[in-house]
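Per-entry structural report
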Amino acid sequence: MPVARGTRVVENGGIVVLTGAGISRESGLATFRDTDGIWARVRIEEVATPEAFARDPCRVQAFYNARRAQLADPALAPNAAHLALARLEREWPGEVLLVTQNVDDLHERAGSRHLLHMHGELGKARCLACGAASPWSADIEPISACPACGATGRLRPHVVWFGEMPMEMDRIDEALGRCGLFVSIGTSGSVYPAAGFVAGVRGRARTVELNLEPSEGAMLFDEAIHGPATQVVPAFVDRLLAGR
């Protein structure tokens, strides 16, 4: 079914867009689960679990400090896919919620404002003493002090590690419950709970996958469009807005 016809199902509901690492790949940020991705080079158990942080906090901090430094690279910028989603939010007459699994800030740089980071944000540090999450662009060091309470040596990356609950799930579930269109972009379809969103709305909302290649859950979508995010996402947004 062409998107322009299918957008009629959105009239009485909003749009929820889920993005994964694939949307940022063309901006120069590595994905996680591709054969050349981050988890092919570094073991999850060594840098991305609460147990790893308890065992060797310096190694975990060094891993995330290096990734945070990437965000400060002047060459890093949102790509056409990020910009297209920001345009969709500005021009669509109803609700558009962008839910991202990414911890980078490229959606914000592109102009998206109605945005939830379910896996946290690299640009913040969370204090284990007071629980506050504060903007943080430098390395987290053992002597780093919490901007909120002043405690030293108690900061961790504000990211969701394996074994931890994703953030903002109540707000995400509410939006999924009333959406008329669910779009998944640049995801592997293997990380839950995000991989289960399509099954939760299937049969009630229209579902579309935009991905470089079919995800593990591609067969659950009403429509799948495969290709580079910088090509398929702007084209999809153009069609969606033209059919409103």
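None of these values were measured; they are calculated from a predicted model.

1. Concerning empty space enclosed by the protein
Per the counting criterion, the structure on display carries two cavities of 30 Å³ or more. In this model, the second largest cavity occupies a volume close to 30 Å³. Lining the second largest cavity we find Val17, Leu85, Leu88, Val96, Leu98 and Ser112. For the lining of the second largest cavity, the elements supplying multiple residues, two or more each, are helix H5 (80-91) and strand E2 (96-100). A per-class count over the lining of the second largest cavity returns five nonpolar, one polar and no charged.

2. Overview of the UniProt feature "binding site: Zn(2+)" (unreviewed entry) in the chain
Sequence positions flagged by UniProt for "binding site: Zn(2+)" (unreviewed entry) are, in local numbering, Cys127, Cys130, Cys146 and Cys149. In terms of the greatest pairwise C-alpha distance, the residues named above, spread along 23 residues, form a tight cluster of at most 8.7 Å across. With respect to the helices and strands, the residue Cys127 is situated in strand E4 (residues 120-127). Setting aside residues no more than four positions away along its own chain, Cys127 makes contact with Ala132, Cys146, Cys149, Arg154 and Leu155. Here Cys130 shows up in the loop between E4 and strand E5 (133-135). Owing to a relative accessible area of 39%, Cys130 belongs among the partly exposed residues under this scheme. Excluding residues that lie within four positions of it along the chain, Cys130 makes contacts with Cys146, Ala148 and Cys149.

3. Remarks on the packing of aromatic side chains
The tally for this structure, following the rule as stated, stands at five aromatic pairs. Summarising the aromatic geometry, the rings of Phe63 and Tyr64 are spaced 4.9 Å apart at their centres and angled 90 degrees between planes, so their arrangement reads as edge-to-face. Plain terms: the ring middles of Tyr64 and Trp161 are 6.3 Å apart, the flat faces sit at 50 degrees to each other, and that makes the pair tilted. On the criterion of sequence distance, the pair formed by Tyr64 in helix H4 (residues 57-71) and Trp161 in the loop between strand E6 (155-159) and helix H7 (169-178) is long-range, its members being 97 residues apart. Residue Tyr64 is classed as buried on the basis of its relative accessible area of 5%.

4. Digging into the pairing of E6
E6 sits mainly inside the fold: five of its five residues count as buried. With four bridges joining them, E4 and E6 adopt antiparallel strand pairing. Residue pairing for E6: Gly120 is matched across the bridge by Val159.

Analysis parameters
Residues numbered from 1 in each chain as written. Predicted model: local features only at pLDDT ≥ 70, side-chain atom pairs only at ≥ 80, totals over all residues. Heavy atoms only, no water. 1 Å grid on protein atoms, 1.4 Å probe; cavity = no way out; pocket = protein on both sides within 12 Å on 5 of 7 lines; lining within 4 Å. Points joined across faces, edges and corners; volume = space filled by probe spheres on them. Helix = DSSP H or I, 4+ residues; strand = E, 2+ residues; numbered from the N terminus. Nonpolar A, V, L, I, M, F, W, Y, C, P; charged D, E, K, R; others polar. UniProt positions renumbered as here; feature names shortened; annotations may be inferred. Contact = heavy atoms within 4.5 Å. Buried < 20%, exposed > 50% of the residue type's maximum accessible area, 1.4 Å probe, protein only. Phe/Tyr/Trp six-rings, centres within 6.5 Å; stacked < 30°, edge-to-face > 60°. Pairing = 2+ DSSP bridges.

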